[in-house]
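Spelled out, the chains give:
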Amino acid sequence: MSPETGQHGILATIVRFALRRRGVIIALALVFLGYSAYSLTKARYDVFPEFAPPQVTIHSEAPGFSPEQAEELITRPVETAVSGVGGVASVLSKSIQGLSVVTVKFKTGTDVYLARQKIAERLSTLTGQLPGGATPEMTPLTSSTGSVLVIGLTSAKLSQMQLRTVADWTVRPRLLAVPGVSKVAIFGSEDKELQAQVLPGRLIKYNLSLEDVISATQKATG
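For clarity, every value in this text was computed on a predicted model and none was experimentally measured.

1. Observations concerning the overall build of the protein
Each helix and strand counted, the protein has seven helices and four strands in total. From first element to last, N terminus to C terminus, the protein shows the α and β order α-α-β-α-β-β-α-β-α-α-α. Expressed as a percentage of the 222 residues in the protein, the buried residues total 18%. For the protein, the proportion of contacts with a sequence separation of at least 24, taken over those separated by at least 6, is 61%.

Structure below.
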């Protein structure tokens, strides 16, 4: 007997059984249809389903710090502060020039919003304790597929501050103009800033105080 004949025989047997037990088959079909309709109302529609465990990423900018300094003075205190949070599965960190990144991964099923609240409470205890004015900040909540591209800018002619200016005012706006891009995060390097450096001798000569300088600076910058 050929395989085709055997398959036809099985199908014929199924058809004969269905015809003899029409009531049972119709009842099972209705039950299946009802369950399918119920499942459809409860189903989640995700184009990119979340496959990674809940996690929180903490960035701390430390301009002028070497990777070793960022690791010792910023990364370790942040790791110590968040390690005791309930539900933490692992704590990963990376320290580079002027930047500390700590990633806290939680156990599967953890409410990510509650986890972020707990992390924020722990980070608040570090306010004013880290050197160089470093302030740990949690990155916005994004999907595990959200980070699409990482770009690094280097130059043999431009300074770190000039590169940061190019990234902020030239590269970032053009990337945000690309359809589908929702966020561009920039970190590292040196921010361009204006500094008012006070000469004590001049203050005494013109009978001025630091409050006078601060007030004039605020008015000048609007």
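Alright, that's what it looks like, and here's the rest.
2. Re helix α4 (residues 112-124)
Two residues of an α-helix separated by three or four positions point the same way, owing to the 3.6 residues in each turn. Between its first and last C-alpha, α4 extends 18 Å over 13 residues, near the 18 Å set by a 1.5 Å rise per residue. Turning to α4, its buried residues are V112, A115, R116, I119 and L123. Along the long axis of α4, the arc covered by the buried residues comes to 100 degrees, so they all point the same way. Its buried side turned inward, α4 meets β1 (55-61), α3 (67-83), β3 (99-106) and β4 (137-138). Its side-chain oxygen placed 3.0 Å from the backbone nitrogen of Y113, D111 serves as the N-cap of α4.

3. Here we look at the nonpolar core
Counting 19 residues, the largest nonpolar core has I58, I74, V78, V104, F106, I119 and L123 as the members making the most contacts within it. Contributions of two or more residues to this core are made by β1, α3, β3 and α4. If you tally residues by element for this core, the top one is α3, at four residues. Beyond its immediate sequence surroundings of up to four residues, V78 is in contact with I58, S60, V102, L123, L126, L130 and P136.

4. Let's talk about a nonpolar patch on the surface
On the surface, V148, L149, I151, L153, L158 and V166 cluster together to form a nonpolar patch covering roughly 550 Å² of accessible area. Structurally, L149 is set in the loop between β4 and α5 (160-176). On the accessibility criterion, L149 (62% relative accessible area) is exposed.

5. Here we look at unusual backbone geometry
Peptide bonds are trans in most cases, and residues, glycine excluded, mostly fall at negative phi. The phi torsion at N207 lies on the positive side, around 55 degrees, for a residue other than glycine. Among the structural elements, N207 can be located in the loop between α6 (200-205) and α7 (210-221).

6. Here we look at the sheet that holds β3
Spatially, four strands are ordered β2-β3-β1-β4 in an open sheet, and the strand pairing comes out antiparallel. The open sheet has two edge strands with one neighbour each: β2 (88-96) and β4. Docked against the sheet, α3 engages β1, β2 and β3, running at close to 165 degrees with respect to β2.

7. Here we look at the side chain of S100
Structurally, S100 is set in strand β3. At 2.7 Å, the side chain of S100 forms a polar contact with the side chain of T75. Beyond its immediate chain neighbours, meaning those up to four positions away, S100 contacts I58, H59, S60, I74, T75 and K94.

8. Quick look at the pairing of β1
Bridge count for β1 against β3 is seven bridges, and the pairing is antiparallel. Its bridge partner lying in β3, E61 is registered against L99.

9. A short note on the pattern of salt bridges
Applying the stated criterion to the full structure yields four salt bridges. Across the pair E61 and R164 runs a salt bridge, and its minimum N-O distance is 4.0 Å. Of the two residues, E61 is situated in strand β1 and R164 in helix α5; the sequence distance between them amounts to 103 residues. Look at E61 and you get partly exposed, because its relative accessible area is 30%. Owing to a relative accessible area of 8%, R164 belongs among the buried residues under this scheme. E72 is the partner of R76 in a salt bridge, and the nearest nitrogen-oxygen pair spans 3.0 Å. Linking R76 with E72, this pair stays in helix α3, spanning four residues, or about one helical turn. Among the charged side chains, a salt-bridge network with shared partners connects E61, R164 and D168.

What counts and what doesn't
Residues numbered from 1 in each chain as written. Predicted model: local features only at pLDDT ≥ 70, side-chain atom pairs only at ≥ 80, totals over all residues. Heavy atoms only, no water. Helix = DSSP H or I, 4+ residues; strand = E, 2+ residues; numbered from the N terminus. Buried < 20%, exposed > 50% of the residue type's maximum accessible area, 1.4 Å probe, protein only. Contact = heavy atoms within 4.5 Å. Expected span 1.5 Å × (residues − 1). Arc of directions from axis to C-beta. Polar contact = N/O pair within 3.5 Å; in protein donor to acceptor, adjacent residues only side chain to side chain. Core = buried A, V, L, I, M, F, W, Y, C linked by side-chain atoms within 4.5 Å. Patch = residues over 30% accessible without salt bridge, like charges linked within 9 Å, V, L, I, M, F, W, Y side chains within 5 Å. Areas by Shrake-Rupley, 256 points an atom, 1.4 Å probe, with all protein chains shown as cover. Salt bridge = Lys/Arg side-chain N within 4 Å of Asp/Glu carboxyl O. Pairing = 2+ DSSP bridges. Axes fitted to C-alpha atoms, helices over the stretch in contact; angles between N-to-C directions.

So far we have only geometry, and geometry alone does not tell us how the molecule works.
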